[in-house]
Amino acid sequence: MSWISGPLLAFDLETTGTDVETDRIVSAAVVRLEADGSVSQERTWLLDPGVAIPAQASAIHGISTDRAREHGAPAASAIEEIARAVTDGLRSGTPLVVMNARYDLSLLDRECRRYALASVSERLGDAPSPVIDPLVLDKHVDKYRKGKRALHALCAHYGVSLDEAHDARADAVAAARVVRRMGEKHQPVGVMPLEDLHGLQVHAAAEQSLSLQAYLRRTSDPAAVVEPAWPLIPRSREPLAGESGPEVPARGR
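So, here's what we can say about the structure. Computed from a predicted model, the values in this text were never measured in an experiment.

Now for the pairing of strand β1 (residues 8-15). Among the 8 residues in β1, 8 count as buried, and that is most of the element. With burial as the criterion, each face of β1 is covered, one bearing Leu8, Ala10, Asp12 and Glu14 and the other bearing Leu9, Phe11, Leu13 and Thr15. Both β1 and strand β2 (residues 25-33) contribute to a ladder of 8 bridges, which runs antiparallel. Bridging across to β2, Asp12 finds its partner in Ala29. Summarising the sheet, β1 and strand β5 (residues 96-97) pair through 2 bridges and their orientation is parallel. Considered in β5, the bridge of Ala10 is made with Val97.

On to the sheet that holds β1. Read across the open sheet, the 6 strands follow the order β4-β3-β2-β1-β5-β6; overall the sheet is mixed. Strands with a single pairing partner mark the edges of an open sheet, and in this sheet they are β4 (73-74) and β6 (131-132). With respect to the sheet, helix α3 (residues 75-91) is in contact with β1, β2, β3 (39-48), β4 and β5, its orientation differing from that of β3 by roughly 155°.

Running from N to C, α3 and helix α4 (residues 101-114) point in directions that differ by 130°, and their axes come no closer than 10 Å. Taken together, the axes of α3 and α4 are oblique relative to one another. For the pair α3 and α4, the sense of crossing is left-handed. Residue-level inspection shows Ile79, Ile82, Ala83 and Val86 of α3 in contact with α4, the latter providing Leu108, Glu111 and Cys112. Here the contact of α3 with α4 is built from residues that sort into 6 nonpolar, no polar and 1 charged.

All right, on to unusual backbone geometry then. Between Ser129 and Pro130 the backbone carries a cis peptide bond, its omega angle lying at 0°. Counting through the fold element by element, Pro130 comes out in the loop between α5 (120-124) and β6. Cis rather than trans, the peptide bond between Trp230 and Pro231 has omega equal to 0°. Located in the positive-phi region is Ala116, a residue other than glycine, with phi close to 55°. Among the structural elements, Ala116 can be located in the loop between α4 and α5.

Okay, helix α8 (residues 168-185) next. Spanning 18 residues, α8 covers 26 Å between terminal C-alpha atoms, matching the ideal 26 Å at 1.5 Å per step. With 13 of its 18 residues buried, α8 lies for the most part within the structure. Near the N-terminus of α8, the side chain that reaches the backbone nitrogen of Arg169, with its oxygen 3.2 Å away, is that of Asp167.

Soluble, globular proteins show a tendency: their nonpolar side chains are buried together. In this structure, Phe11, Ile79, Val86 and Leu108 are the most contacted members of the largest nonpolar core, which totals 35 residues. Contributing elements (two or more residues each) for this core: β1, β2, β3, α3, α4 and α10 (194-218). Considering each element in turn, this core owes the most residues, 8 residues, to α3. Setting aside residues up to four positions removed in sequence, Val86 forms contacts with Phe11, Val30, Leu96, Leu108 and Val120. Of all hydrophobic cores here, the second largest spans 28 residues; its members include Leu33, Leu135, Ala172 and Leu197.

Calculation notes
- Throughout this description, residue numbers start from 1 for each chain and increase along the sequence as written.
- Confidence filtering applies because this is a predicted model: local features only for residues at pLDDT of at least 70, side-chain atom pairs given and counted only at 80 or more, and all residues used for totals across whole chains, interfaces and linings.
- Only hydrogens and water are removed before side-chain values are computed, so all heavy atoms of the structure are retained for them.
- We call a residue buried when its accessible area falls under 20% of the maximum for its residue type, exposed when it is over 50%, and partly exposed in between, using a 1.4 Å probe and counting protein chains only.
- For helices the rule is a DSSP run of H or I covering at least 4 residues; for strands it is a run of E covering at least 2, with both sets numbered from the N terminus onward.
- When DSSP finds two or more bridges between a pair of strands, those strands are recorded as paired.
- Whether two residues are in contact is decided by their heavy atoms, any of which lying within 4.5 Å being enough.
- In this analysis, axes come from line fits to C-alpha atoms, helices being fitted only over the stretch in contact, and the angle between any two N-to-C directions falls in the range 0 to 180 degrees.
- Angle categories: roughly parallel below 35 degrees, roughly antiparallel above 145, roughly perpendicular from 65 to 115, and oblique for all the rest.
- Each crossing gets its hand from how the near helix is turned against the far one by less than a right angle, where anticlockwise is left-handed and clockwise is right-handed.
- Ten residue types, Ala, Val, Leu, Ile, Met, Phe, Trp, Tyr, Cys and Pro, are classed as nonpolar, four, Asp, Glu, Lys and Arg, as charged, and the remainder, Gly among them, as polar.
- Helix span, as expected, comes to 1.5 Å for every residue beyond the first.
- Identification of polar contacts relies on pairs of N or O atoms within 3.5 Å, with a donor-acceptor requirement for protein atoms, meaning one able to donate a hydrogen and the other able to accept it, and with residues adjacent in sequence counted only if both atoms are side-chain atoms.
- Put simply, buried Ala, Val, Leu, Ile, Met, Phe, Trp, Tyr and Cys residues joined by side-chain atoms within 4.5 Å make one nonpolar core.

The structure is reproduced here in structure tokens:
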């Protein structure tokens, strides 16, 4: 049976920023979609990240520092639940769909380290797999298409609705529906065994990173480094003394 005719597990984060080493999770969703595209199971989280949420991030996902502190769960316990949900899904053999997996999965990995929790890789005994990344896959199957490849652009291109962009649940659902449409449109990918599809993306992500490196060298940032690893960026260092736990005490706790 092709993966496009089976269930998909989708995962998405909204965060305080774009640096996997220092930024924090603000909200998350793990959603199971059946073959007909319907949502059969879902879990969502709002976290108190323990730090102030920058105005630029709040403007994107709509979650303010005050809201996160008042209504968010303690980060450590929520991250444990998120990591467990992702791990359980992968153990079941269900492919995990993550838009820009390199970012979301790496940030979850760093949050696990921050709070001295077992990472998804440690729980599985290997890197997360099988993962399907709409961003990497779309660049591979349609590499010469012009225009943006953010989730909203992929939804428009593949005819998938996205009514609440930058809501973790809505983005997760849309990403899963996009990859299913992608697999239907590009049959060689749609019928590929999951192990082969995962391996294809590892190589495709590396090629795409090298292409971006070449582009940056021709433009204004020749020193920029693009991490080729996928779906996880390797940890750059061991946690510093006192790094675990929130930097800013949560109000009312």
